[in-house]
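# Observations on the three-dimensional arrangement
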Amino acid sequence: MELNDRQTKIIEIVKQSAPITSEQIAEKLDLTRATLRPDLAILTMSGFLEARPRVGYFYTGQTLQSLFAEQIEKFKVREFLSSPVVVSESASAYDAVCEMFREDVGSLFVVNRQGFLAGVLSRKDLLRAAIGTQNMNQVPVSMIMSRMPNITSCHAEDPIIAVAELIIEKQVDAVPVVRERNGGLEVIGRITKTNITKVFVQLARGTTN
Ligand code: ADP
């Protein structure tokens, strides 16, 4: 539907000053309440504004959207992370495949001798290695993994929505949750697309089960 100039102005006023009464809106526009009544009725009936008795008008887009955004922003990585599954840099690609099946995960994090994050190994990294005629027992994971410093990671206190954005932007399935220690990154968890799906379910149902 097309809004007229006055209706657009009313929405702007309500967005900025909600909750606001019709008297206050009329005052801001230098009009009478009676003149505003039809516009307010149209805006309320069409769902742009919500009128609460004795409180005033709210911009519905603003209230719903901002309430939802506020709620999502509160979900932190630490509430949703899963245990990380790690292999050492010197493990073979064959060992990595076995570990993926044993642990039922799609991504492994690779750690160096000090136990710090060195890389990430995905299913496709392993399939790519397997396509050649190479003996998977003789290929160390360090040869086929994506490596630091090009690893996308996150922290336990980050909002989970920020990690969801990273997963989309970087086109990866899993992000290691890390903590800085003695100049390296210790892996303390993982966030995958499954964890993000659980956030979505929790928002809708109030539970992840
Ligand atoms: P798949 O390759 O099985 O589809 P991904 O989409 O997660 O799984 O991985 C795509 C590529 O990105 C792989 O080469 C993988 O090593 C790399 N990768 C995966 N996760 C990360 C990450 N968190 N940071 C950097 N690179 C990653």
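Keep in mind that what you see is a predicted model, and the values were worked out from it rather than measured.

### What to know about helix α7 (residues 123–131)
Among all positions in α7, only Asp125, Leu126 and Ala129 are buried. Here the buried residues of α7 occupy an arc of 95° about the axis, which is enough to place them on one side. The exposed set on the far side of α7, more than 90 degrees from its buried face, consists of Lys124, Leu127, Arg128 and Ile131. Next to the buried residues of α7 lie α6 (93–103), β5 (117–122), α8 (141–144) and β6 (146–147).

### Description of helix α2 (residues 22–29)
Among the residues of α2, those classed as buried are Ser22, Ile25, Ala26 and Leu29. For α2, the angular spread of buried residues about the axis comes to 100°, placing them on one side. Seen from the open side of α2, the exposed residues pointing more than 90 degrees away from its buried face are Glu27 and Lys28. Looking at the buried residues of α2, the elements they touch are α1 (5–17), α3 (33–45) and β2 (56–59).

### Some remarks on the domain arrangement of the protein chain
Along its sequence, the protein chain is organised into domain 1 (5–62) and domain 2 (77–202). The distance between the C-alpha centroids of domain 1 and domain 2 comes to 51 Å.

### Here's the deal with the sheet that holds strand β4 (residues 107–111)
Spatial strand order, β3-β4-β5-β6: 4 strands in an open sheet with mixed pairing. Looking at which strands have only one partner, the edges of the open sheet turn out to be β3 (86–88) and β6. Across 2 bridges, the pairing between β5 and β6 is antiparallel. Paired with glycine 119 across the two strands is arginine 147, which belongs to β6. Of the strands in this sheet, β3, β4 and β5 touch α6, which is tilted by about 130° from β4. Contacts from α7 reach β5 and β6, with the element oriented near 70° to β5.

Reading guide: rules and limits
- Residues numbered from 1 in each chain as written.
- Predicted model: local features only at pLDDT ≥ 70, side-chain atom pairs only at ≥ 80, totals over all residues.
- Heavy atoms only, no water.
- Buried < 20%, exposed > 50% of the residue type's maximum accessible area, 1.4 Å probe, protein only.
- Helix = DSSP H or I, 4+ residues; strand = E, 2+ residues; numbered from the N terminus.
- Arc of directions from axis to C-beta.
- Contact = heavy atoms within 4.5 Å.
- Domains from an automatic or database assignment.
- Pairing = 2+ DSSP bridges.
- Axes fitted to C-alpha atoms, helices over the stretch in contact; angles between N-to-C directions.

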